[in-house]
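One-letter residues, chain by chain:
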Amino acid sequence: MTYIVTRLCRDCIDTACVAVCPVSCFYTYEGDDKATFPNQLYIHPEECVDCNACEPACPWEAIFPEDEVPDVFADDIDLNYKMADHEDDFEVQEEVDHEQPDPAEVVANKAKWGFE
Ligand code: SF4
Ligand code: SF4
């Protein structure tokens, strides 16, 4: 199994997950095909050790164990796996400072992506 970053991360990227991941398996896309790999982080499915540290750390509640990804985000499972086939276009994400969202922003972001 692996953990999956869903589209709830898109354009948020506060890297709280990066800070807690023991194996540095959060990646950012550096290639030209932003239509396929949008602006979010990706978990390398072959490097994740299923430690669960990132899920509670994500302020946007964007991370799920693979077998618990909500149906509305099912496509994001394939997207995270697909990054492993394009490793040369990805770099390990470094931790950056970022403001924490407030609860209303988290709810609004979920609604934006059809997850109530
Ligand atoms: S903590 Fe969550 S929203 Fe922030 S970069 Fe990581 S996966 Fe994305
Ligand atoms: S479950 Fe653990 S190893 Fe996997 S991405 Fe999250 S923090 Fe990293």
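Cut-offs applied
- Residues numbered from 1 in each chain as written.
- Chains lettered and ligands numbered in written order.
- Predicted model: local features only at pLDDT ≥ 70, side-chain atom pairs only at ≥ 80, totals over all residues.
- Heavy atoms only, no water.
- Helix = DSSP H or I, 4+ residues; strand = E, 2+ residues; numbered from the N terminus.
- Buried < 20%, exposed > 50% of the residue type's maximum accessible area, 1.4 Å probe, protein only.
- Areas by Shrake-Rupley, 256 points an atom, 1.4 Å probe, with all protein chains shown as cover.
- Lys, Arg positive; Asp, Glu negative; His and termini not counted.
- Charge placed at Lys NZ, Arg CZ, Asp CG, Glu CD.
- Contact = heavy atoms within 4.5 Å.
- Pairing = 2+ DSSP bridges.
- Axes fitted to C-alpha atoms, helices over the stretch in contact; angles between N-to-C directions.
- Near = heavy atom within 4 Å.
- Nonpolar A, V, L, I, M, F, W, Y, C, P; charged D, E, K, R; others polar.
- Salt bridge = Lys/Arg side-chain N within 4 Å of Asp/Glu carboxyl O.
- Arc of directions from axis to C-beta.

J.: What am I meant to see in the overall build of the chain here?
T.: For the chain, the helix and strand inventory stands at four helices and five strands. Dimensions of the chain along its principal axes, counting C-alpha atoms only, are 35 × 30 × 25 Å. Here the chain holds 116 residues, and the buried ones make up 47% of them. For the chain, the exposed area adds up to about 6,300 Å²; of that, 45% sits on carbon and sulfur atoms. For the chain, the distance from the average position of its 6 positive side-chain charges to the average position of its 29 negative side-chain charges is 8 Å.

J.: I keep staring at the environment of I43 and nothing clicks. Help me out?
T.: Take I43: it is sitting in strand β3 (residues 41-43). Owing to a relative accessible area of 1%, I43 belongs among the buried residues under this scheme. In the structure, I43 is positioned 38 residues away from Y81 in sequence and 8.2 Å away in space, judged by C-alpha atoms.

J.: Would you mind showing me how to read the environment of A16 here?
T.: In this structure, A16 sits in helix α1 (residues 16-20). Apart from the residues lying within four places of it in its own chain, the contact partners of A16 are A57 and P59.

J.: Explain the sheet that holds strand β5 (residues 90-92) here, please?
T.: Within a beta sheet, neighbouring strands are joined by backbone hydrogen bonds and run either parallel or antiparallel to one another. Pairing in this open sheet of three strands is antiparallel, and the strands run β3-β2-β5 from one edge to the other. Of all the strands in the sheet, the pair left with one neighbour each is β3 and β5. Neighbour-to-neighbour, the strand axes of the sheet open up by a mean angle of 45°, direction not taken into account. Two elements, strand β2 (residues 26-29) and β5, share three bridges in a ladder whose sense is antiparallel. If you follow Y29 over to β5, its bridge partner there is F90.

J.: When you look at the site of ligand 2 in this model, what are you seeing that I'm missing?
T.: By nearness alone, 14 residues border ligand 2, and C21, C48, V49, C51 and C54 come closest of all. Class assignment of the residues belonging to the shell around ligand 2 gives a composition of twelve nonpolar, one polar and one charged.

J.: Can you walk me through the pattern of salt bridges in this structure?
T.: A pair can form between side chains of opposite charge whenever their charged atoms are brought close. Tallied over the full model, the rule gives three salt bridges. Here D76 and R10 are joined by a salt bridge, their closest N and O atoms 3.5 Å apart. In this pair, D76 sits in helix α3 (residues 74-82) while R10 sits in the loop between β1 (3-5) and α1, placing the two residues 66 residues apart along the sequence. In this structure D76 comes out as buried when scored by relative accessible area, which is 1%.

J.: Would you explain α3 in this entry?
T.: Given 3.6 residues per helical turn, the α-helix brings residues three or four places apart onto the same face. Looking only at α3, the buried set comprises D76, I77, L79 and N80. Along α3, the residues classed as buried sweep out an arc of 165° about the axis, all on the same side. In α3, the exposed positions that point more than 90 degrees away from the buried face belong to D75 and D78. Of the surrounding elements, those touching the buried residues of α3 are β1 and β3.

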